[in-house]
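Read off the chains here:
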Amino acid sequence: MSLLDRRALLTLLAPLALAACGFTPVHAPGGTGDALYGQITVQAPEDIPSTSEVDSYLLVQNLEQRLGRANVGAYQLDLTLRTRDEGQAITEDSQTTRYSIVGRASYTLTRLSDGKVVASGDEEAFTGYSATGSTVETLAGERDAHQRLMVILADQINTRILSTADLSAAVAAPPPA
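Residues numbered from 1 in each chain as written. Predicted model: local features only at pLDDT ≥ 70, side-chain atom pairs only at ≥ 80, totals over all residues. Heavy atoms only, no water.

On to the overall build of the protein chain, then. Along the backbone of the protein chain there are 4 helices and 4 strands. Order of helices (α) and strands (β) in the protein chain, N terminus to C terminus: α-α-β-α-β-β-β-α. Looking at the 177 residues of the protein chain, the share that counts as buried comes to 31%. Entry remark: accessible area of the protein chain is about 10,900 Å², with carbon and sulfur atoms responsible for 56%. (Helix = DSSP H or I, 4+ residues; strand = E, 2+ residues; numbered from the N terminus. Buried < 20%, exposed > 50% of the residue type's maximum accessible area, 1.4 Å probe, protein only. Areas by Shrake-Rupley, 256 points an atom, 1.4 Å probe, with all protein chains shown as cover.)

Dropping the structure here:
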């Protein structure tokens with residue numbers, strides 16, 4: 001059997017193997033993405049414990065773009081956000097020329113009907129910017145780095161929720177005897 005024939009055979013068999021192991025696409029009908037889209041009320045930016053109100057707003061904005069915006073959803077997403085700046089490149093005369101912004105977002109997704117936590121976790125990421133230009137360039141770079149960091153954290157939270165959320169119905173307790 002030639003190499004080309006083996007690749008063709010593997011390409012044809014791969015979907016069957018995935019289906020056999022229970023793999024279902026997240027955004028397929030009945031998938032986690034389909035079930036959660038527009039059903040998650042994301043915590044208001046001003047209620048998020050954070051080191052920056054702007055970062056909180058950007059994180060919520062990015063999450064709502066990915067998860068759909070719900071005024072009253074079946075789930076509540078609570079967040080905590082922390083960011084810190086770290087000097088990365090320091091010259092001989094102790095001038096910092098490059099900074100990293102490290103962000104950590106903790107989240108808890110709760111089903112409102114029974115109070116069950118269906119997903120939770122922490123995500124961490126970083127971005128950087130240069131401080132070698134003018135004041136305006138440095139401030140613009142810092143602002144852009146914060147925006148990029150919130151996009152990265154929102155992507156990580158979204159991916160983690162869609163891949164790990166336990167959406168199984170609550171087990172009803174037996175009636176008292």
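This part takes up the pattern of salt bridges. Taken as a whole and judged by the stated rule, the model has 9 salt bridges. The partner of aspartate 144 in a salt bridge is arginine 148, and the shortest N-O contact between them spans 2.8 Å. A residue pair is termed a helical-turn pair when its members lie 3 or 4 positions apart in one helix, as aspartate 144 and arginine 148 do in helix H4 (residues 135–164) at 4 residues. With relative accessibility at 33%, the residue arginine 148 sits in the partly exposed group. The structure contains a network of salt bridges with shared partners spanning Arg104, Asp122 and Glu124. (Salt bridge = Lys/Arg side-chain N within 4 Å of Asp/Glu carboxyl O.)

With that out of the way, let us pick up helix H3 (residues 53–67). Taking 1.5 Å per residue as the helical rise, H3 with its 15 residues ought to reach 21 Å, and the 21 Å between its terminal C-alpha atoms agrees with that figure. On its buried face, H3 sits against helix H2 (32–36), strand S1 (40–42), strand S2 (75–90), strand S3 (96–111) and H4. Just beyond H3, the residue with positive phi is glycine 68, at close to 85 degrees. (Expected span 1.5 Å × (residues − 1). Contact = heavy atoms within 4.5 Å.)

It is the contact of H3 with H4, at a shortest axis distance of 9 Å, that shows an interaxial angle of 45 degrees. The orientation of H3 relative to H4 falls into the category oblique. Once H3 is placed against H4, the crossing between them reads as right-handed. Contact with H3, carried on its side by Asp55, Leu58, Leu59, Asn62, Leu63, Arg66 and Leu67, involves His146, Gln147, Met150, Val151, Leu153, Ala154, Asp155, Ile157 and Asn158 of H4 and no other residues of that element. (Axes fitted to C-alpha atoms, helices over the stretch in contact; angles between N-to-C directions. Parallel < 35°, antiparallel > 145°, perpendicular 65-115°, else oblique. Left-handed = near helix turned anticlockwise from the far one by under 90°.)

Once that is clear, we can look at the packing of aromatic side chains. In this structure the tally under the stated criterion is 1 aromatic pair. Ring geometry for tyrosine 99 and tyrosine 129: centres 5.5 Å apart, planes at 20 degrees, overall stacked. Here tyrosine 99 is found in strand S3, whereas its partner tyrosine 129 is found in strand S4 (residues 117–130), with 30 residues between them in sequence. Accessibility expressed as a relative area gives 24% for tyrosine 99, which makes it partly exposed. (Phe/Tyr/Trp six-rings, centres within 6.5 Å; stacked < 30°, edge-to-face > 60°.)

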